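Chain residues, written in single-letter form:
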Amino acid sequence: MNSNVENELRKMVAEIIEVPEEKLSVEADFFNDLNVDSLKAIEIVAAFEKKYRVVIPEKDIPTIRNLGQIVAYTKKLNIQ
Amino acid sequence: MGKPTSKRRIVISGLGVIAPNGIGKEQFWDALKEGRSGIKPVRRFGTTGFKCHMAGEIDSEFNPAEFLGSKGLRNLERTSRLLCSAAKMAIDDAGLTINDKNTDDIGVCTGTTLSSLWNIAEFDKEAIQDGPLFTNVALFPGTVMNAASSQVSIRFGIQGFNTTISTGYSSSIDALKYAMDFLRMRRIKTVLVGGVESLSLVNYSGFYRLGYSAGINGEELSCPFDRRRNGIILSEGAAVIVIEDEESALERGARIYAEVNGIGNCFDAFRMGKYQPDARGLKKSIKEALRTTDIGVSDIDYINASANSVYEQDRLETKAIKDVFGRYAYNIPVSSIKSMIGETFSAGGLFQIASSIGSMYNGYIPPTINYEVRDSECDLDYVANCSRITRINNVLINNHGPGGSNAAFILSKWN
């Protein structure tokens, strides 16, 4: 796993959902553990798309529920 | 239509102000009493190439986290920060507790017209720069006109009606009228009535390019009724009042500032950007405001003017006052707080109300500052440069502008 990508993503998500970076573990569920609402979820997707210039297909969005899954998704897209 | 017979009395029980010359009612009232201006060079954006460089900007002393906490501020645009902070002050000032029992009986009504421009401009800029697939979604909710008003309801858990009135210069008083109708129809018990505008390069340049800004054809000065007047100094800020029916205010033992008395409005659009040459709409609004009260023309102790240092606006307001009040016009002190806070556009009426509450409460009339050169067409008592200590029972507040919207409102001492 590329830790640089993970750190960048942690920073991005932490800023959007307003939690300290150190509290954002790879397993914490956005909805159940971190109280992420639908608007913030869209914002995470949009920020990811903007950062990596990709468009995430609708069907993939519900499968991404924590930071670890976002990092895994970057691997799937071959983002270094 | 005759005078209303069994009118429900509506009172003001809370106030929150974020003005260019003072944050919070005490600071604002003190500044007005001392004739202190909040107009200074713009810092939020560059004005290179413009002939004007001043604005009534809310400076960095304003910290929304003080009123709202830091959570959730990231995506709250400037207008919502201003309005929500003023609303928080007003709710606390009124001693109003919002809970499951009363939330449906509380409404929000806000006057604002230009405030979403900044967000629209930012959103568009990203769409053009990065392409429409990569816009910043967080900016989108703030692109709509009712964003700030809605944020007040969301943040304070208010579930009654929520309306935004965008009628330009008269938005605040039109919003107040709308809220009063809700109260009189017994559809609500309490309303937070707000006015807000925020400064951005987009609206600054809009007024400038239309030729409304002071400094294009003369001194860059907000000097209502003075012969040197040549345009507005654009400003920003928010003011919120809590209004409720008298019974409910008394029931909860609230401190009552004043009674919301007569109100009138009239649309008299003439030509694009031109004032109706006889101030017909403003005169009709003032007459309607008087008609809906039990007081007569000689009971008006003070007129809080709409005059904003635009040549025609100040002249026509003076004419309207003289046409309605006749010879008695010369006995009524008239002053414009826009000499100190500039033109806050849709929020103007609420600032005039906030200032008038202070006048009534502390017994003074705020001055028209920067008044030096007399204009023969503006010959009333403008309370020049120094505030005047006096007892005030009834204030007439005027709102008008070149867009055709006019409103007038009478605030009375509550007994």
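Residues numbered from 1 in each chain as written. Chains lettered and ligands numbered in written order. Predicted model: local features only at pLDDT ≥ 70, side-chain atom pairs only at ≥ 80, totals over all residues.

Draft legend 1. Quick peek at the overall build of chain A. Along its length, chain A carries 3 helices and 0 strands. Reading the helices (α) and strands (β) of chain A from amino to carboxyl end gives α-α-α. Against the compact-globule benchmark of 12 Å for 80 residues, chain A has a radius of gyration of 11 Å, which places it among compact chains. Its C-alpha atoms give chain A principal-axis dimensions of roughly 30 × 25 × 20 Å. Within the span of chain A, comprising 80 residues, buried residues form 16% of the whole. (Helix = DSSP H or I, 4+ residues; strand = E, 2+ residues; numbered from the N terminus. Rg over C-alpha atoms; globule rule 2.2 N^0.38 Å. Buried ≥ 20, exposed ≤ 12 C-beta atoms within 10 Å, placed from the backbone.)

Draft legend 2. View of the domain arrangement of chain B. Residue and element names in this part refer to chain B. Domain annotation for chain B reports domain 1 (11–251) and domain 2 (261–412). Counting residues at the interface gives 62 residues for domain 1 and 57 residues for domain 2. Mapped onto the side of domain 1 that touches domain 2, the elements with two or more residues apiece are strand S1 (10–19), helix H1 (25–34), helix H6 (171–184), strand S7 (190–197) and strand S8 (237–245). At 7 residues, H6 tops the list of elements feeding residues into the side of domain 1 that touches domain 2. Considering only residue class, the side of domain 1 that touches domain 2 consists of 30 nonpolar, 21 polar and 11 charged. (Domains from an automatic or database assignment. Contact = placed C-beta atoms within 7 Å. Nonpolar A, V, L, I, M, F, W, Y, C, P; charged D, E, K, R; others polar.)

Draft legend 3. Local environment of the nonpolar core. The biggest cluster of nonpolar side chains holds 119 residues, and the ones touching the most others in it are Ala86, Ala90, Val193, Ile241, Ile243 and Phe409 of chain B. Ranked by the residues each element gives to this core, the list is headed by helix H3 (residues 78–94) of chain B, at 9 residues. Three or more residues apiece are contributed to this core by two domains, here domain 1 (11–251) and domain 2 (261–412) of chain B. Among the nonpolar cores identified, the runner-up in size contains 7 residues, and Val13, Phe48, Leu67 and Ile70 of chain A belong to it. (Core = buried A, V, L, I, M, F, W, Y, C linked by C-beta atoms within 7 Å.)

Draft legend 4. A look at the pairing of S7 of chain B. All names here are of chain B. With respect to burial, S7 is a largely interior element, 8 of its 8 residues being buried. Along S7, one buried face is formed by Thr190, Leu192, Gly194 and Val196 and the opposite face, lined by Val191, Val193, Gly195 and Glu197, is buried too. As judged from the 6 bridges shared by strand S5 (residues 106–111) and S7, these two strands associate in the parallel manner. When the sheet's bridge partners are listed, glycine 111 is paired in S7 with glycine 195. Direction of pairing for S7 relative to S8: antiparallel, over a ladder of 8 bridges. Residue pairing in the sheet places glycine 194 in a bridge with valine 240 of S8. (Pairing = 2+ DSSP bridges.)

Draft legend 5. How the structure looks around helix H10 (residues 311–325) of chain B. Residues and elements named next belong to chain B. Between its terminal C-alpha atoms H10 stretches 22 Å, which fits the 21 Å expected from 15 residues at 1.5 Å a residue. Residues of H10 that are buried include every one of Gln313, Asp314, Leu316, Glu317, Thr318, Ala320, Ile321, Val324 and Phe325, and no others. Close packing links the buried residues of H10 with helix H9 (280–291), strand S10 (302–304), strand S11 (334–335) and strand S14 (394–400). Following H10 by one or two positions, glycine 326 has its phi on the positive side, about 60°. (Expected span 1.5 Å × (residues − 1).)

Draft legend 6. Structural view of helix H3 (residues 67–76) of chain A. All names here are of chain A. Buried within H3 we find Leu67, Ile70, Val71 and Thr74. Taken around the axis of H3, the buried residues stretch over an arc of 100°, which confines them to a single face. Seen from the buried face of H3, the exposed residues on the opposite side, beyond 90 degrees, are Lys75 and Lys76. If you follow the buried residues of H3, they end up packed against helix H1 (3–17) and helix H2 (38–52). Backbone geometry just after H3 places asparagine 78 at a positive phi near 60°. (Arc of directions from axis to C-beta.)

Draft legend 7. Looking closely at the pairing of strand S15 (residues 405–412) of chain B. Residues and elements named next belong to chain B. Burial analysis of S15 places 8 of its 8 residues in the buried class, which makes it a mostly covered element. Burial along S15 is two-sided: the residues Ser405, Ala407, Phe409 and Leu411 and Asn406, Ala408, Ile410 and Ser412 are all buried. In this sheet, S15 lies alongside strand S9 (residues 258–267) in antiparallel orientation, the contact comprising 7 bridges. Bridge assignment links cysteine 266 to a residue of S15, and that residue is asparagine 406. Bridge analysis of S14 against S15 gives 7 bridges, and the strand direction is antiparallel. Residue valine 395 lies in a different strand from S15, and its bridge partner there is leucine 411. Between S14 and S15, which pair antiparallel one after the other, the connecting turn spans 4 residues, and glycine 404 there sits at a positive phi close to 100°.

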